[in-house]
Amino acid sequence: MTREEILQVISKVFADTLDEDNIVLSESSKADDVEGWDSLTHVQLVVAVEKQFKIRFTAKEIQSWKNVGELIDSINSKL
Amino acid sequence: MQHNNKSNKSFRYYLLQAVLFIALLWAADLIVGKILRHFYRRQSSGWEYATRYSAEETKADLLIFGASRAQQQYIPTPFEDTLQLTGYNVGRDGTSFFYHYAMLQSVLKRYTPKVIILDCEYAALKNAAASYDRLSVLLPLYEDHPEMQRIINLRSPFEKYKFTSSIYPYNSMLFKIAVANLKSNKEEKEDINGYMPLHKSLNEPIKTFDYTEKYELDSVKVNMLRSFIDECKSRNIKLYLVCTPYYMKIKGNDHSLAVTQQVAAEKNVPFIDYSADSFYFNRPQLFDDTVHLNMTGAKIFCADLASKLKKDLQR
Amino acid sequence: MIFNSIGFFIFFAVVLAVLYVLPAKFRWIWVLAGSIFFYAFARPGYVLVPLLITVLTYYTGIAIEQATSEKGKQKIFVAGVCFIIAILVFFKYANFFTSTFTDLFNLISGKQVSNSLLISLAAPLGISYITFQAIGYLIEIKREDEKAERHFGHFATYLLLFTKVIAGPVERAHRFLPQLKMPARLTYDNFVIGGQQMLWGLFKKIVVADRLAIYVGAVYNNYTHHSGSTLFFATVCYVFQIYADFSGYTDMALGFSKMMGYDLMQNFNRPLLGRSVTEFWRRWHISLSTWFADYFFNPIAVAKRDWGNWAVIYASFVTFTVLGFWHGANWTFIAFGFLQGLILAIEILTRKQRKNMRKKIPVWLNDGGGILFTVAYFGLSSIFFRANSVGEALTIIKKILHFNGPFFFESASLLMFMLAGIFYIVAHDVKKEFFDKRFSLAQNKYWVIRNGYYCLLIIIILVTGVFDGGEFIYFQF
């Protein structure tokens, strides 16, 4: 998968999990920019992404993400 | 410099801004302060009025000094009738010997009363920050009464500088002053010559409190009590120290009251103690709360005290 | 020294005046000296514990960074954090634990043993704030997100800075330290903006909070004698009191820091206008709630993420119970924390339903209802926060539910001052939240209006501020 494709899949996962139809993610998106993405929903998003890609992140990886781009890096390295 | 012209402006520009702001503030403070002063002095009823009247106007022969247990328990009328003197209650709630002494200074500057009753209560000589803070009710009189300034300055080391602000003396009095200036309140007098009546009546069994503990006394207060007595004696004012009834029993001996009693004996001033008077112990209906008689109780107490004073004065 | 005292203002004026003359490079020395004086002024012995934590954290940070193995890092980290927590527990919680233990012992054995281990040492000023900042710093280094600070003087200045000793904020090291290494920031703008923020903070503290405190104290300290309606009103006042008190104090801390050229993090963002309790906690004591989110809540939730929603709920409960306990060593604070965890769990579970409902009703009704609920729930929790025991809190709630009896307000004057205070703070927040783009008095482009507004603030402080204990409510039952 290309980064672009991964971003699209993540956008869909986010939209489903947060139940927000109009979520537009970019590589530089942060939690503050996305409606409904906060520390309470963060874990739900992680779990949904893990399920979608059938991968498992380490706690360290999860803590290290600063934006969506870094999340994509982590996914890429596991595919 | 990537900053705009603002940060390039000269030091003189900033100084001018600061000076203008201070000028604006000073003018606003002065105007509001003057307005508050005007209406403070225009009051003709209420507690603040009574305090100012006590310091500046009363010429009564008999004065009653003390805190709430003076202000809300001594009705001047029975004393006037029995002793054939004019009377005024200069007590103020929440105050201590600092206040009583400052008030005495203002009175003595104007005239010499014939008789003074100084009310003494439990814990009156206790070291408490609140006693200093509560001198706040005298702040509006600071400017016109140099004789009080030394005592008011005890409030804090910075007290005298606080009067740089014209508003400061009237802090927290805005609504009280406003209410007292309303027409309806000006006509309706709450007090009887400084006495503020209480009307509730108690309905509960008497309790006992432990007063065996020897708390820390405030030596400044003790000294003021001594000076109060000395200054009355030197002017041949007949002074009575009185402790009014309580609706509670105490275990031990209150430290302040014991010291007061000792000072009275030492200076040869009568000390009349009602604190353990069993007559009142059985009559909760005479009390507003455990430490204040209501008006009915006050009438009985005042009549009794007045006749005692009469006997003593005739001797 | 509290901020709203003349002593502090003199102290600060001296600190600031000297700061302006000193070359930028050496300013931190003066700020550090001022901070140490600040501790010592309260009690000379107070300096030692904060200094100990500073030295300990400084060297632990470097040691973690230099450790070669992951295991080594972990060991040093755990040792350092345990030591810091041990200091905190010793000073703040020892009495709570020993007396709880004694009570338990008495309960089980049926004997009456008094707690002989009561420690008479007072906790040094701001010990818990220093602890949080130190632990956060070590976590960042262990996660390799930040570098360990090598300049001991700068590090000590960060941890001990006097403006955040008493009520925070819980500043992050990596946000603050770079500011010490930047060129001079003592500008006219910083002075004015800082001064304005300080003034508004002072206003909230002595005009609003201290006035409400007179009434709330009188009612709560004699709660058995008061009616349900009085207790209800006192509780509403208490909500505004703690908000005005805490955010006012924070604004003063931020303002004073800004005047010295340092930016501290925003700590309150109109929390009482949060549309849900979840949102409230994103707006209330932000420096602490994000600290807990980053270092406590998230790691727990991530570790348990296979539990689905229950991971978040579990993490909420643990986090808020600890957060409650942090406020003080009393079961009431734990109850307070528990209530927050409970409502957060409910809000997580009803997310979808609430969202659907939002689509069906007008925005104003949804937002208004949300705000009202949030304030009410915070009011309910704050009864536990204010009461001396859980039993007392429950009695008060019971009385409020009966809502009867005479309403006590002491004097019309006090009531007017209180209502005016609540009005100021509500008006300020509502204006900022909903009409921020419209006119502004505080930032008006005309000199007279802008400065007239700040003059007015000072005049209101002088007319209605509570300066000392001269204002009181007489109570005797």
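First, a word on scope: everything that follows refers to the structure included in this document. (Residues numbered from 1 in each chain as written. Chains lettered and ligands numbered in written order. Predicted model: local features only at pLDDT ≥ 70, side-chain atom pairs only at ≥ 80, totals over all residues. Heavy atoms only, no water.)

## Thoughts on the interface of chain C and chain B
1) Next: Of the residues lining the interface, 30 residues belong to chain C; the matching set on chain B comes to 33 residues.
2) Next: When the two sides are added together, the surface that chain C and chain B hide from each other amounts to roughly 2,800 Å², 69% of it contributed by carbon and sulfur.
3) Next: In this structure, the connection of chain C to chain B is made through zero salt bridges.
4) Next: Across the contact surface, chain C and chain B share five residue pairs in polar contact (both at pLDDT 80 or more).
5) Next: Where the side of chain C that touches chain B is concerned, the elements lending two or more residues are helix H1 (6–21), helix H8 (188–220), helix H17 (412–434) and helix H18 (447–464) of chain C.
6) Next: Counting residues per element, the side of chain C that touches chain B draws most heavily on H18 of chain C, at 11 residues. (Contact = heavy atoms within 4.5 Å. Buried area = accessible area lost by both parts, 1.4 Å probe. Salt bridge = Lys/Arg side-chain N within 4 Å of Asp/Glu carboxyl O. Polar contact = N/O pair within 3.5 Å; in protein donor to acceptor, adjacent residues only side chain to side chain. Helix = DSSP H or I, 4+ residues; strand = E, 2+ residues; numbered from the N terminus.)

## Overview of the arrangement of the chains
1) Next: In this assembly, two pairs of chains are in contact, and the pair with the greatest number of contacts comprises chains B and C.
2) Next: One finds no contact between chain A and chain B; the C-alpha atoms of the two approach each other to within 28 Å at their closest.

## Focus on unusual backbone geometry
All names here are of chain B.
1) Next: Of note, the phi angle at Ala123 is positive, near 65°, even though the residue is not glycine.
2) Next: Residue position: Ala123 is located in the loop between strand E3 (115–119) and helix H7 (129–133).
3) Next: Judged by relative accessible area, which is 30%, Ala123 ranks as partly exposed.
4) Next: Even without glycine at this site, Asn193 takes up a positive phi of about 45°.
5) Next: Turning to its location among the elements, Asn193 is positioned in the loop between helix H11 (183–187) and strand E4 (207–210). (Buried < 20%, exposed > 50% of the residue type's maximum accessible area, 1.4 Å probe, protein only.)

## Examining the pattern of salt bridges
1) Next: For the structure shown, the criterion picks out 37 salt bridges over all chains.
2) Next: Between Lys114 of chain B and Asp61 of chain B there is a salt bridge; the shortest N-O distance is 3.6 Å. You can see Lys114 of chain B sitting in the loop between helix H6 (97–110) and E3 and its partner Asp61 of chain B sitting in the loop between helix H3 (47–56) and strand E1 (62–65), a full 53 residues away along the chain.
3) Next: Note on Asp61 of chain B: relative accessible area 19%, which makes it buried.
4) Next: With a closest N to O distance of 3.4 Å, Asp367 of chain C and Arg275 of chain C form a salt bridge. Residue Asp367 of chain C is located in helix H15 (residues 363–386), and its partner Arg275 of chain C is located in the loop between helix H9 (228–259) and helix H10 (277–283); the two are separated by 92 residues in the primary sequence.
5) Next: What makes Arg275 of chain C partly exposed here is its relative accessible area of 24%.

## Description of the sheet that holds E3 of chain B
Each strand in a sheet pairs with its neighbour through backbone hydrogen bonds, running either in the same direction (parallel) or in the opposite one (antiparallel).
Residues and elements named next belong to chain B.
1) Next: The five strands lie next to each other as E2-E1-E3-E5-E7, forming an open sheet whose pairing is parallel. Since the sheet does not close on itself, it has two edges, and those belong to strand E2 (87–89) and strand E7 (271–273), each with one partner. Mean inter-strand twist for the sheet, computed between neighbouring axes without regard to direction, equals 20°.
2) Next: Both E1 and E3 contribute to a ladder of four bridges, which runs parallel. (Pairing = 2+ DSSP bridges. Axes fitted to C-alpha atoms, helices over the stretch in contact; angles between N-to-C directions.)

Functional significance is not addressed by these values, which are geometric in nature.
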